[in-house]
Amino acid sequence: MSGVVEAKLAELGLTLPEVVPPLATYQPAVRSGAYVYTAGQLPMVQGKLPVTGKVGAEVSAEQAKELAATCALNALAAVKSVVGDLDRIARVVKVVGFVASAPDFTAQPGVLNGASELLGAVLGDKGVHARSAVGVAVLPLDAPVEVEIQVELTDS
């Protein structure tokens, strides 16, 4: 099923990827009432991480910002896997991002702007959200960034 949101993705030159399979015992997304919560999404592209390492060391902040956008795209795919139609998103409520950071790296919010900007470009005002940007020592598979989202659904 393709709608307004997926048409916007296409207009931006983006394609909704297949849902990234879980790395352990969890679901990529779970619906509870009017909300969908995604698991943390890594910046996987066709089943692989395009780059690994710490942001501010092996990975530049600009690369990490692009990876955060990929994480958000993967999160939208996870939401679609649960609800079937991204046009059901009433709004993105919260984004939580984790940045595997070199000890002196402090620009986590700038990295997470990649996810926030993608959600805004795709969803417009529905993509405006609350957010946390957290620096961590390491992420699964040595990924530089991980993003999870919470969305509220429309009634229909």
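Above this text is the structure in question.
Residues numbered from 1 in each chain as written. Predicted model: local features only at pLDDT ≥ 70, side-chain atom pairs only at ≥ 80, totals over all residues. Heavy atoms only, no water.

Peer 1: Honestly, the packing of helix α2 (residues 61–83) against helix α3 (residues 108–123) in this entry has me stumped. Any pointers?
Peer 2: Helix-helix packing: each pair is described by the crossing angle between the helix axes and the interaxial distance. One can describe the packing of α2 onto α3 by two numbers: an axis separation of 7 Å at closest approach and a directional angle of 45 degrees. Comparing the axis directions of α2 and α3 gives the class oblique. Between α2 and α3 lies a crossing of right-handed hand. Residues Ala-61, Ala-64, Lys-65, Ala-68, Ala-69, Ala-72, Leu-73 and Leu-76 of α2 touch α3, and the partners they reach there are Gly-110, Val-111, Leu-112, Asn-113, Gly-114, Ala-115, Glu-117, Leu-118, Leu-119, Val-122 and Leu-123. (Axes fitted to C-alpha atoms, helices over the stretch in contact; angles between N-to-C directions. Helix = DSSP H or I, 4+ residues; strand = E, 2+ residues; numbered from the N terminus. Parallel < 35°, antiparallel > 145°, perpendicular 65-115°, else oblique. Left-handed = near helix turned anticlockwise from the far one by under 90°. Contact = heavy atoms within 4.5 Å.)

Peer 1: When you look at unusual backbone geometry in this model, what are you seeing that I'm missing?
Peer 2: Trans is the prevailing form of peptide bonds, just as negative phi is the prevailing case for residues other than glycine. Backbone geometry places Gln-46, a non-glycine residue, at a positive phi of 50 degrees. In this fold, Gln-46 is placed in the loop between β2 (35–38) and α2. On the basis of relative accessible area, Gln-46 is assigned to the exposed category, the value being 79%. Its identity is not glycine, yet Leu-141 carries a phi of approximately 60 degrees, on the positive side. The residue Leu-141 is located in the loop between β4 (130–136) and β5 (145–153) in this model. (Buried < 20%, exposed > 50% of the residue type's maximum accessible area, 1.4 Å probe, protein only.)

Peer 1: Could you clarify how one ought to interpret α3 in this entry?
Peer 2: The periodicity of an α-helix, 3.6 residues per turn, causes residues three or four positions apart to be oriented the same way. The terminal C-alpha atoms of α3 lie 23 Å apart, and with 16 residues this matches the ideal 22 Å at 1.5 Å per residue to within 8%. The largest bend in α3 amounts to roughly 30 degrees and is located at Gly-114. Turning to α3, its buried residues number three or more, namely Gln-108, Val-111, Leu-112, Gly-114, Ala-115, Ser-116, Leu-118, Leu-119, Val-122 and Leu-123. Summarising the contacts, the buried residues of α3 are in contact with α1 (4–11), α2, β3 (89–100), β4 and β5. Note on α3: the residue one or two positions beyond its end, Gly-124, has a positive phi of about 60 degrees. (Expected span 1.5 Å × (residues − 1). Bend = angle between axes of the 7 residues up to and from the residue.)

Peer 1: Would you take a moment to explain a nonpolar patch on the surface for this structure?
Peer 2: On the surface, Leu-23, Tyr-26 and Leu-141 cluster together into a nonpolar patch covering about 280 Å² of accessible area. The partly exposed category is assigned to Tyr-26, whose relative accessible area is 33%. (Patch = residues over 30% accessible without salt bridge, like charges linked within 9 Å, V, L, I, M, F, W, Y side chains within 5 Å. Areas by Shrake-Rupley, 256 points an atom, 1.4 Å probe, with all protein chains shown as cover. Salt bridge = Lys/Arg side-chain N within 4 Å of Asp/Glu carboxyl O.)

Peer 1: So what exactly am I meant to see when it comes to the environment of Ala-72 here?
Peer 2: Structurally, Ala-72 can be placed in helix α2. Sequence separation between Ala-72 and Ile-149 is 77 residues; the distance between their C-alpha atoms is 7.8 Å. Not counting residues within four places of it along the chain, the set of residues in contact with Ala-72 comprises Ala-115, Leu-118 and Leu-119.

Peer 1: What am I meant to see in α1 here?
Peer 2: Within α1, the full set of buried residues consists of Val-5, Glu-6 and Leu-9. Down the axis of α1, the buried side of the element spans an arc of 95 degrees, and every buried residue falls inside it. What points out from α1, more than 90 degrees from its buried face, is the exposed set Val-4, Ala-10 and Glu-11. Looking at the buried side of α1, the elements it contacts are α2 and α3. Immediately downstream of α1, the backbone of Gly-13 shows phi near 80 degrees, a positive value. (Arc of directions from axis to C-beta.)

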